[in-house]
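The chain contents come next:
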Amino acid sequence: ADLPNTQTDENLTSVTFKMKGIEGQKKLSLNTSALETKVNSTQVVRALAQNLETTFFPYVEKTYEVMAELFEYKYSRAVRASALETCQYLLTACKELDQQEQLMGQLTTKFESAVDSALRKKDSEELVLLLREYYHCIKIFKKPSPVTPTQVKNLVNLMAEGCKLASEDKKLQLDEMD
């Protein structure tokens, strides 16, 4: 492929390029303004949940629904990270332990799905992000445990697969350096 020609206007970034085996030039355009707005919006919601603490409780359920959809948002790691980081603040916004436990059960199911997806993609960076944010959520609880033994078993198995993937990635990186 020929080197791309990049153009940017205030809302759109376009790249024009020629690719071997395809006639003529092709143009790829991204609405960077919409993506930046989504990144900024998720960061603002996270900051609100963090700073308002239990005052944010009336918005926890709707916020969780939106953020959970963004756990696997395919266009931006920043959006996924912000959505995941919001979860711990949603838990602390809950006023009662049973509310926290119910939300944690829902979060655990979503985290399992996202970890499984990252494993299928062999994305060790995504796994680190997911497991770090899940840890931040679970450490809020002292006792009783908000996660069932089956959920713990599933997560341990997923983490073992994640560690195996990370180890394979490091070996490949070392091999490439030699």
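Look a little higher up for the structure.
The present account deals with the structure reproduced in this document. Please read all numbers here as calculations on a predicted model, not as lab measurements. (Residues numbered from 1 in each chain as written. Predicted model: local features only at pLDDT ≥ 70, side-chain atom pairs only at ≥ 80, totals over all residues. Heavy atoms only, no water.)

A word on the side chain of arginine 80
Stage number 1. Inspection of the secondary structure puts arginine 80 in helix 3 (residues 77–93).
Stage number 2. Judged by its relative accessible area of 10%, arginine 80 is buried.
Stage number 3. Ignoring any residue separated from it by four or fewer positions in sequence, one finds arginine 80 in contact with Leu70, Phe71, Glu72, Tyr73, Lys74, Tyr75 and Glu126. (Helix = DSSP H or I, 4+ residues; strand = E, 2+ residues; numbered from the N terminus. Buried < 20%, exposed > 50% of the residue type's maximum accessible area, 1.4 Å probe, protein only. Contact = heavy atoms within 4.5 Å.)

Some details on the pattern of salt bridges
Stage number 1. All chains considered together, the criterion is met by 7 salt bridges.
Stage number 2. Between glutamate 65 and lysine 62 there is a salt bridge whose closest N-O contact spans 4.0 Å. Remark: lysine 62 and glutamate 65 occur in helix 2 (residues 60–69); sequence separation between them is 3 residues, near one turn of the helix.
Stage number 3. A salt bridge links glutamate 126 to arginine 80; the nearest nitrogen and oxygen atoms lie 2.8 Å apart. With glutamate 126 in helix 5 (residues 124–138) and arginine 80 in helix 3, this pair connects stretches of sequence that are 46 residues apart. Neither residue differs from the other here; glutamate 126 and arginine 80 are each classed as buried.
Stage number 4. A network of salt bridges, in which partner residues are shared, links Arg77, Arg80, Asp123 and Glu126. (Salt bridge = Lys/Arg side-chain N within 4 Å of Asp/Glu carboxyl O.)

Notes on the pairing of strand 3 (residues 25–30)
Residues in a regular strand project their side chains so that they alternate between the two faces of the sheet.
Stage number 1. Looking at chain direction, strand 2 (residues 13–18) and strand 3 are connected through 6 bridges and run antiparallel. Bridge pairing links phenylalanine 17 to lysine 26 in strand 3.
Stage number 2. Two successive antiparallel strands, strand 2 and strand 3, enclose a turn made up of 6 residues, where glycine 21 displays a positive phi of approximately 90 degrees. (Pairing = 2+ DSSP bridges.)

Focus: helix 3
Stage number 1. When the terminal C-alpha atoms of helix 3 are compared, their 25 Å separation across 17 residues agrees well with the 24 Å that a helix rising 1.5 Å per residue should span.
Stage number 2. Burial analysis of helix 3 places 14 of its 17 residues in the buried class, which makes it a mostly covered element.
Stage number 3. The distance from a side-chain oxygen at the start of helix 3 to the backbone nitrogen of alanine 78 is 3.2 Å, and the residue carrying that oxygen is serine 76. (Expected span 1.5 Å × (residues − 1). Polar contact = N/O pair within 3.5 Å; in protein donor to acceptor, adjacent residues only side chain to side chain.)

Here we look at the layout of surface pockets
Over the atoms, a rolled probe matching the size of one water molecule traces out where space is still vacant.
Stage number 1. By volume, the largest pocket amounts to about 220 Å³.
Stage number 2. If you trace the largest pocket, you find it lined by Phe57, Val60, Glu61, Tyr64, Glu65, Cys94, Gln99, Gln102, Leu103 and Gln106.
Stage number 3. Secondary structure elements with two or more residues in the lining of the largest pocket: helix 2 and helix 4 (97–121).
Stage number 4. Taken together, the residues that form the lining of the largest pocket break down as 5 nonpolar, 3 polar and 2 charged.
Stage number 5. Looking at the second largest pocket, its volume works out to about 150 Å³.
Stage number 6. For the lining of the second largest pocket, the element with the highest residue contribution is helix 1 (residues 32–52), accounting for 3 residues.
Stage number 7. Across the lining of the second largest pocket, the residue classes tally to 5 nonpolar, 2 polar and no charged. (1 Å grid on protein atoms, 1.4 Å probe; cavity = no way out; pocket = protein on both sides within 12 Å on 5 of 7 lines; lining within 4 Å. Points joined across faces, edges and corners; volume = space filled by probe spheres on them. Nonpolar A, V, L, I, M, F, W, Y, C, P; charged D, E, K, R; others polar.)

Details of the packing of helix 5 against helix 6 (residues 149–177)
Stage number 1. Two elements in contact, helix 5 and helix 6, have axes whose closest approach is 10 Å; the angle formed by their N-to-C orientations is 140 degrees. Handedness of the helix 5/helix 6 crossing: left-handed. Here Ser124, Leu127, Leu131 and Tyr134 of helix 5 come into contact with helix 6, specifically with Leu155, Met159, Gly162, Leu165, Ala166 and Asp169.
Stage number 2. Partitioning the contact of helix 5 with helix 6 into residue classes produces 7 nonpolar, 2 polar and 1 charged. (Axes fitted to C-alpha atoms, helices over the stretch in contact; angles between N-to-C directions. Left-handed = near helix turned anticlockwise from the far one by under 90°.)

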